[in-house]
Amino acid sequence: QVQPVESGGGLVQPGGSLRLSCAASGSIFSSNVIRWYRQAPGKEREFLARISSLGITSYTDSLKGRFTISRDNAKNEAYLQMNSLKPEDTAVYYCNYDGPKGVIYWGKGTLVTVSS
């Protein structure tokens, strides 16, 4: 499964937490940068965070420490821990990673709905 598969989305109340997972097979996934994005209804896709193969992370400023990206190369998985969720975090969340020759593999996304 070269295309990554996201999971872990669902309905959560404001202030709650979710952990999203991104999984793919193969050594390319575990040896490349993995990124998380989201797309809210009616908005453009937004970059959230990235993690290098060695675990170096960076985030978009707007997250203000609420989200944490991590990975487990042995399991070929990456994660996005989301805390203090707000209604405006409602979106489809995607992960991607770089393949050979400039190809970027995107997952199909997982829906997160933050609502009371």
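A short tour of the structure in this document, coming up. These figures come from a predicted structure and were not determined experimentally.

**Regarding the side chain of Ser21**
Then step 1. Looking at where Ser21 falls in the secondary structure, it is placed in strand E3 (residues 18-23).
Then step 2. The contacts of Ser21, once residues within four sequence positions are left out, are Val5, Glu6, Ser7, Trp36, Ala78 and Tyr79.

**Points about the sheet that holds E3**
Then step 1. The 4 strands are arranged E1-E3-E8-E7 in an open sheet whose pairing can be described as antiparallel. The open sheet has two edge strands, strand E1 (5-7) and strand E7 (67-72), and neither has a second partner. The average angle at which neighbouring strand axes cross in this sheet is 20°, direction not considered.
Then step 2. For E3 and strand E8 (residues 77-82), the ladder comprises 6 bridges, and the chain directions are antiparallel. Residue pairing for E8: Arg19 is matched across the bridge by Gln81.

**Some points on the pairing of E7**
Note on strand geometry: in a regular strand, side chains alternate between the two faces of the sheet.
Then step 1. In E7, alternate side chains face the same way, and those of Phe67, Ile69 and Arg71 are buried while those of Thr68, Ser70 and Asp72 on the opposite face are not.
Then step 2. In this sheet, E8 lies alongside E7 in antiparallel orientation, the contact comprising 6 bridges. Note that in E8 the partner of Asp72 across the bridge is Glu77.
Then step 3. Where E7 folds back on E8, the antiparallel hairpin that results is connected by 4 residues, among which Asn76 adopts a positive phi of roughly 55°.

Cut-offs and rules
Residues numbered from 1 in each chain as written. Predicted model: local features only at pLDDT ≥ 70, side-chain atom pairs only at ≥ 80, totals over all residues. Heavy atoms only, no water. Helix = DSSP H or I, 4+ residues; strand = E, 2+ residues; numbered from the N terminus. Contact = heavy atoms within 4.5 Å. Pairing = 2+ DSSP bridges. Axes fitted to C-alpha atoms, helices over the stretch in contact; angles between N-to-C directions. Buried < 20%, exposed > 50% of the residue type's maximum accessible area, 1.4 Å probe, protein only.

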